[in-house]
Amino acid sequence: MTRQELLRVLLVGFMGSGKTSVGRDLADRLGWRFVDFDEAIELKESRSVANIFAAEGEFYFRQVEEHVADHLLSERCVVLASGGGWAVKPGRLAAVPKGTATFWLRVSIEKALERASSEPGRRPLFEQHDALDSTRQLLIERVPYYQKAQWTVDTEDSAIEDVSAQILEILTEEYTRAVGE
């Protein structure tokens, strides 16, 4: 098998899995740009994700997210953090452009809730009265989609820097272009 050139890294996973934190650190280490899908959507829409959900609903949000993601996935030398629900569409991860390394940042429900609760108002699907039960069900539904990523990295009890280092190790082994050149 011929090794291919690394053009971009895409991080997928549940809310609170560390996509944004790890993505920023990884981009710094690679000397690349970092873009969080939700932040790009907020910039495009000039309002928060929570406001988009409240005013327009999830369907509208997912349409904007798909458009933003398609644009970002055409860029080079970028680390991308998808929204927690972006990968939850049949064939979505299989359709990412060649040269895109995909990583599922895996986390338990308990750790995801712990991390997400530190950002009240930022996670519309988390703001329900039965947060634990609804979050557990949502994660169960999404795992089969996340598992389509090329690699899985457990972020449960790992420092951001350790997760980034693990991803860099995988990238160095798998891609021809040396990272950071």
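For clarity, every value in this text was computed on a predicted model and none was experimentally measured.

### As for the sheet that holds strand 4 (residues 100–106)
Strand-to-strand pairing in sheets goes through backbone hydrogen bonds, with the strands running parallel or antiparallel.
Part 1: Pairing within the open sheet is parallel, and its five strands lie in the order 2-3-1-4-5. Only two strands of the sheet have a single neighbouring strand rather than two, namely strand 2 (33–36) and strand 5 (151–154). When strand polarity is set aside, the average angle formed by the axes of neighbouring strands in this sheet is 25 degrees.
Part 2: Pairing of strand 2 with strand 3 (residues 78–81) involves four bridges; the strand directions are parallel. The partner of Asp 36 across the bridge, within strand 3, is Ala 81.
Part 3: Relative to the sheet, helix 7 (residues 160–174) contacts strand 1 (8–12), strand 4 and strand 5, its axis offset from that of strand 5 by approximately 160 degrees.

### Here's the deal with the pattern of salt bridges
Part 1: The full count for this structure, using the stated rule, is 13 salt bridges.
Part 2: Salt-bridge contacts for Glu 75 lead to Arg 33; the nearest nitrogen and oxygen are separated by 2.0 Å. Pair noted here: Glu 75 is in the loop between helix 4 (58–72) and strand 3 and Arg 33 is in strand 2, with a separation of 42 residues, a long-range link.
Part 3: On the basis of relative accessibility, which here comes to 42%, the residue Arg 33 falls in the partly exposed class.
Part 4: Between Arg 47 and Glu 56 there is a salt bridge; the shortest N-O distance is 3.4 Å.
Part 5: Looking at Arg 47, the relative accessible area reads 22%, which means it is partly exposed.
Part 6: Through salt bridges with shared partners, a single ionic network connects Glu 45, Arg 47 and Glu 56.

### Considerations on helix 1 (residues 19–30)
Part 1: In this model, helix 1 (12 residues) spans 16 Å end to end at C-alpha, consistent with the 16 Å of a helix rising 1.5 Å per residue.
Part 2: Residues of helix 1 that are buried: Lys 19, Val 22, Gly 23, Asp 25, Leu 26, Ala 27 and Leu 30.
Part 3: Summarising the contacts, the buried residues of helix 1 are in contact with strand 1, strand 2, strand 3, strand 4 and helix 7.
Part 4: Two residues or fewer past helix 1, Gly 31 is found with a positive phi of approximately 75 degrees.

Rules used in this analysis
- Per-chain numbering applies: the sequence of each chain, read as written, is numbered from 1 onward.
- Residues qualify for local features only when their pLDDT is at least 70, as the model is predicted, and side-chain atom pairs are given and counted only at 80 or more; totals for whole chains, interfaces and linings, by contrast, use all residues.
- Side-chain descriptors were evaluated using all non-hydrogen atoms of the structure, hydrogens and water having been removed beforehand.
- Note on pairing: DSSP must find at least two bridges between two strands before they are called paired.
- Helix and strand labels come from DSSP, where a helix needs a run of H or I of at least four residues and a strand needs a run of E of at least two; each type is numbered from the N terminus.
- Axis lines are fitted through C-alpha atoms, for helices just across the contact stretch, and the angle between N-to-C directions can take any value from 0 to 180 degrees.
- We call two residues contacting when some pair of their heavy atoms lies within 4.5 Å.
- A carboxyl oxygen of Asp or Glu within 4 Å of a side-chain nitrogen of Lys or Arg is what we treat as a salt bridge.
- Whether a residue is buried, partly exposed or exposed follows from its accessible area with a 1.4 Å probe, protein chains only, as a fraction of its type maximum: under 20%, in between, or over 50%, in that order.
- By definition here, a helix of n residues has an expected span of 1.5 Å times n minus one.

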